Amino acid sequence: MSKKPIIGISSSVIVDDSGNFAGYKRAYVNKDYVDAVVRAGGVPLIIPFTTDKEVIISQVQVIDALILSGGHDVSPYNYGQEPNPKLGETFPERDTYDMLLLEESKKRNIPILGICRGSQIINVAAGGTLYQDLSLIPGNVLKHNQVSKPTLKTHKIQIEENSIISEIFGKETMVNSFHHQALDKVADDFKVVARASDGIVEAIQHKTYKFLVGVQWHPEMLAVECDEARELFKRLIEEAKK
């Protein structure tokens, strides 16, 4: 039997607010990421948060692909801006952790998928910027933070041809949406491969790296019942086998 690839999933820190350990910090990631990798035929490995570079280098050595998961707002200091009043909670140490994971994974040339915050981290790490809140974008903006179940698709995206995303989802698809920040200036090394009808960037792809993709929606939540969402994780795993 062939060895299943190990898919590293970046994690965060949550504070337990009840029970015997109220106030205790825990390493965590939403279980949907784990389930999506298992369904797609990979072995999920949650990567515990740390800012120790030597530890992160060793962590990356044991994985065959990386998923940068969602979470806190990216600190605007990473892209040369002061905080806007609409900025949400940030976790600068996690920015450092995610960017180190990304940097070391690129050195190994392993497949990388960024989801929501993960897509924003990919862009910022390469020199791009973010809108700190959707309200700061000129014009009429769609509702991008749905107040409904995670598996409900709430708006359409249009997809560019000749991209990894188009190979999986076609020219257009419906997605779920849970974000209040968005990509502004897209880093030079990347191309936009999907947008919502209001112009919001929904997916980016590196111009030369074999598989370095960021999506603004949450395919790990949709993968419970959506074939295309499952296919995105299968593609990541197939690339990890090469």
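Being a predicted model, the structure only gives us computed values, none of them experimental. (Residues numbered from 1 in each chain as written. Predicted model: local features only at pLDDT ≥ 70, side-chain atom pairs only at ≥ 80, totals over all residues. Heavy atoms only, no water.)

Caption draft 1: Structural context of the environment of I237. For I237, the position within the fold is in helix α7 (residues 227–241). Accessibility expressed as a relative area gives 2% for I237, which makes it buried. Beyond its immediate chain neighbours, meaning those up to four positions away, I237 contacts P5, I7, V37, A40, G41 and G42. (Helix = DSSP H or I, 4+ residues; strand = E, 2+ residues; numbered from the N terminus. Buried < 20%, exposed > 50% of the residue type's maximum accessible area, 1.4 Å probe, protein only. Contact = heavy atoms within 4.5 Å.)

Caption draft 2: Just unusual backbone geometry, in detail. In the Ramachandran plot, N109 falls in the positive-phi region, its phi being about 60° despite a non-glycine side chain. Inspection of the secondary structure assignment puts N109 in the loop between α3 (92–108) and β6 (112–115). Phi is positive for C116, which is not a glycine, with a value near 55°. Within the element layout of this structure, C116 appears in the loop between β6 and α4 (117–125). Overall, the relative accessible area of 8% leaves C116 in the buried class.

Caption draft 3: Main features of the packing of aromatic side chains. In the structure shown here, the tally under the stated rule is three aromatic pairs. Centre to centre, the rings of F49 and Y97 are 5.4 Å apart; their planes meet at 70°, and the pair counts as edge-to-face. Of this pair, F49 sits in the loop between β4 (43–47) and α2 (53–61) while Y97 sits in helix α3; the two residues are 48 residues apart in sequence, bridging distant segments of the chain. An angle of 85° between the planes, with centres 5.7 Å apart, marks the rings of F169 and W217 as edge-to-face. (Phe/Tyr/Trp six-rings, centres within 6.5 Å; stacked < 30°, edge-to-face > 60°.)

Caption draft 4: Local environment of the nonpolar core. One finds I7, I67, L113, I115, I165 and W217 to be the most contacted residues of the largest nonpolar core, which totals 36 residues. With six residues, α7 is the largest single contributor of residues to this core. Those residues in contact with I67 that lie beyond four places of it in its chain are I7, G8, I9, S10, Y33, V37, L113, I115, F233 and L236. (Core = buried A, V, L, I, M, F, W, Y, C linked by side-chain atoms within 4.5 Å.)

Caption draft 5: The pairing of strand β1 (residues 6–10), seen in detail. Burial analysis of β1 places four of its five residues in the buried class, the great majority of the element. Here β1 pairs with β4 via five bridges, running parallel. Residue I7 lies in a different strand from β4, and its bridge partner there is P44. Here β1 runs beside strand β5 (residues 65–68); their pairing, made up of three bridges, is parallel. Directly across from I9, in β5, lies its bridge partner I67. (Pairing = 2+ DSSP bridges.)

Caption draft 6: Quick look at the sheet that holds strand β9 (residues 172–175). Strand order in the open sheet formed by nine strands is β4-β1-β5-β6-β13-β12-β11-β8-β9, with mixed pairing between adjacent strands. For this open sheet the edge positions go to β4 and β9, each flanked by a neighbour on one side alone. Averaged over all pairs of adjacent strands, the angle between strand axes in this sheet comes to 20°, irrespective of strand direction. Strands in contact with α3 are β1, β4, β5, β6 and β13 (212–215); relative to β5, the strand with the most contacts, it is inclined by about 155°. (Axes fitted to C-alpha atoms, helices over the stretch in contact; angles between N-to-C directions.)

Caption draft 7: Inspection of the packing of α2 against α3 at higher detail. Between α2 and α3, the least distance of the axes is 9 Å, while the angle of their chain directions is 50°. With respect to α3, the element α2 is oriented oblique. As for the relative orientation of α2 and α3, their crossing is right-handed in sense. For the pair formed by α2 and α3, the contact residues are K53, I56, I57, Q59, V60 and Q61 on the first element and Y97, L100, L101, E103, E104, S105 and R108 on the second. (Parallel < 35°, antiparallel > 145°, perpendicular 65-115°, else oblique. Left-handed = near helix turned anticlockwise from the far one by under 90°.)

Caption draft 8: Seen up close, α2. Within the sequence span of α2, burial applies to I56, Q59 and V60. All buried residues of α2 fall inside an arc of 95° around its axis, so they share one side. On its buried face, α2 is in contact with β4 and α3. With a side-chain oxygen lying 3.0 Å from the backbone nitrogen of E54, the N-terminal cap of α2 falls on D52. (Arc of directions from axis to C-beta. Polar contact = N/O pair within 3.5 Å; in protein donor to acceptor, adjacent residues only side chain to side chain.)

Remember that the coordinates give geometry; whether it matters functionally is a separate question.
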